[in-house]
Amino acid sequence: MPDLEQLGEAIKAGKRDEAIQLTQEAIDAQVAPQEVLDAMVAAMDVVGGRFQRNEIFVPEMLIAARAMKEAMGALEPLLVEAGIQPVAKVVIGTVAGDLHDIGKNLVAMMWKGANFDVIDLGTNVTAEKFVAAVKEHQPRLVGLSALLTTTMPAIKTTVDALKAAELDVAKIIIGGAPVTQEYADQVGADGYAPDAASAVEVARELLAQAA
Ligand code: B1M
């Protein structure tokens, strides 16, 4: 019997090869894909908690997220076959004029780890591109990241554009080093997260409110 607890431990420790091997063993032993996925998501929740408590830092979190991503690769066709849907479709990007993407990528990885279907628009994403992506993909959440005080206003421009296009059915989460809850309230974003682990919690809260 494949050991899903060991799979969780491998993900937490960022042991990519072991995580892939244990996932494959679970698949071969015909463990339900949902059960395997649940073990992975639970492991990433533990990683997120450790990051929030400063017990681990960005590199460890990235390594764990990569292990999860790779292990998910083997599981994905089975999840599709079994009709298991991601929790929600989400769009994320770094706002116009801003090229910083390390934090944004971390949020995207943690969202993937929470079984969200993440459409990553990259960096320097204009309000028009966000509006077009939301129209195309119909996500339930939109994430905006900004690292510069000079690009923070692009968050407001994007929130305003999404609202003007009547696309505020999707909840908007914002974050990035200079961003605060106060700023989120000021620009009319639905949520703010100070770090990638909190971004999972805030996203889940907003999705629950919208359900
Ligand atoms: Co830039 N840079 N940079 N930079 N850079 C900063 C941000 C800066 C604070 C450095 C400094 O002066 N001390 C400063 C900004 C000052 C300010 O505006 N107050 C700065 C500057 C000025 C610049 C340039 C203007 C420099 C220049 O050219 N003169 C230039 C701007 C380019 C542009 O964007 N147009 C520039 C360029 C660059 C590089 C390209 C060299 C590189 C980016 C590489 C890349 O991202 N691929 C870079 C880097 C690496 C940094 C620092 C050193 C590190 C940023 C980082 O990745 N942190 C940074 C100084 C610093 O922070 N020590 C700095 C790690 C990352 C995990 O944290 O991104 O905060 P962070 O993400 C966190 C949270 O903020 C949150 O979760 C993440 C993980 O917990 N979060 C979200 C982020 N997005 C979120 C979204 C959410 C929720 C949470 O919901 C959707």
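Values in this document were obtained by computation on a predicted structure and should not be read as measured data.

Draft legend 1. Quick look at the site of the ligand. By nearness alone, 26 residues border the ligand, and Leu99, His100, Asp101, Ser145 and Thr149 come closest of all. At 2.9 Å, a backbone N or O of threonine 149 approaches an oxygen atom of the ligand. Among the residues forming the shell around the ligand, the class breakdown is 15 nonpolar, 8 polar and 3 charged.

Draft legend 2. Spatial organisation of the pairing of strand β2 (residues 117–120). When strand β1 (residues 89–94) meets β2, the two strands line up parallel, connected through 4 bridges. Note on β2: the bridge partner recorded for lysine 89 is aspartate 117. After leaving β1, the chain enters helix α5 (residues 102–113) and then returns to the sheet as β2, a path that is right-handed.

Draft legend 3. Quick peek at the domain arrangement of the protein. As far as domains go, the protein holds domain 1 (4–81) and domain 2 (89–210). In this structure, domain 1 and domain 2 have C-alpha centres spaced 25 Å apart. The partner domain 2 presents 13 residues to the 13 residues of domain 1 that form the contact. Summing the contributions of domain 1 and of domain 2, the shared interface buries around 1,200 Å²; its carbon and sulfur component is 72%. Its largest share of buried area at the contact with domain 2, domain 1 owes to Gln52, Met61 and Leu62, together 34% of the area lost on that side. Joining domain 1 to domain 2, the criterion identifies 1 salt bridge. Put simply, aspartate 45 and arginine 204 hold a salt bridge, and the shortest N to O gap is 3.2 Å.

Draft legend 4. Broad picture of the packing of helix α3 (residues 33–52) against helix α4 (residues 58–81). At their nearest, the axes of α3 and α4 sit 10 Å apart, and the two run at 170 degrees to each other. By the criterion of interaxial angle, the relationship of α3 to α4 is roughly antiparallel. Packed against α3, whose contacting residues are Pro33, Gln34, Val36, Leu37, Met40, Val41, Met44, Val47 and Phe51, the element α4 presents Val58, Met61, Ala64, Ala65, Met68, Ala71, Met72, Leu75, Leu78 and Leu79 at the interface. Partitioning the contact of α3 with α4 into residue classes produces 18 nonpolar, 1 polar and no charged.

Draft legend 5. The arrangement of the coordination of the cobalt atom of the ligand in detail. Protein coordination of the cobalt atom of the ligand rests on one atom only, His100 (NE2), at 2.2 Å. Tracing the chain through its elements places histidine 100 in the loop between β1 and α5.

Cut-off values and rules
- Residues numbered from 1 in each chain as written.
- Predicted model: local features only at pLDDT ≥ 70, side-chain atom pairs only at ≥ 80, totals over all residues.
- Heavy atoms only, no water.
- Near = heavy atom within 4 Å.
- Polar contact = N/O pair within 3.5 Å; in protein donor to acceptor, adjacent residues only side chain to side chain.
- Nonpolar A, V, L, I, M, F, W, Y, C, P; charged D, E, K, R; others polar.
- Pairing = 2+ DSSP bridges.
- Helix = DSSP H or I, 4+ residues; strand = E, 2+ residues; numbered from the N terminus.
- Right-handed = clockwise from strand over helix to strand, strands pointing away.
- Domains from an automatic or database assignment.
- Contact = heavy atoms within 4.5 Å.
- Buried area = accessible area lost by both parts, 1.4 Å probe.
- Salt bridge = Lys/Arg side-chain N within 4 Å of Asp/Glu carboxyl O.
- Axes fitted to C-alpha atoms, helices over the stretch in contact; angles between N-to-C directions.
- Parallel < 35°, antiparallel > 145°, perpendicular 65-115°, else oblique.
- Donors = N, O, S within 2.8 Å, 3.2 Å for Na, K, Ca; no water.

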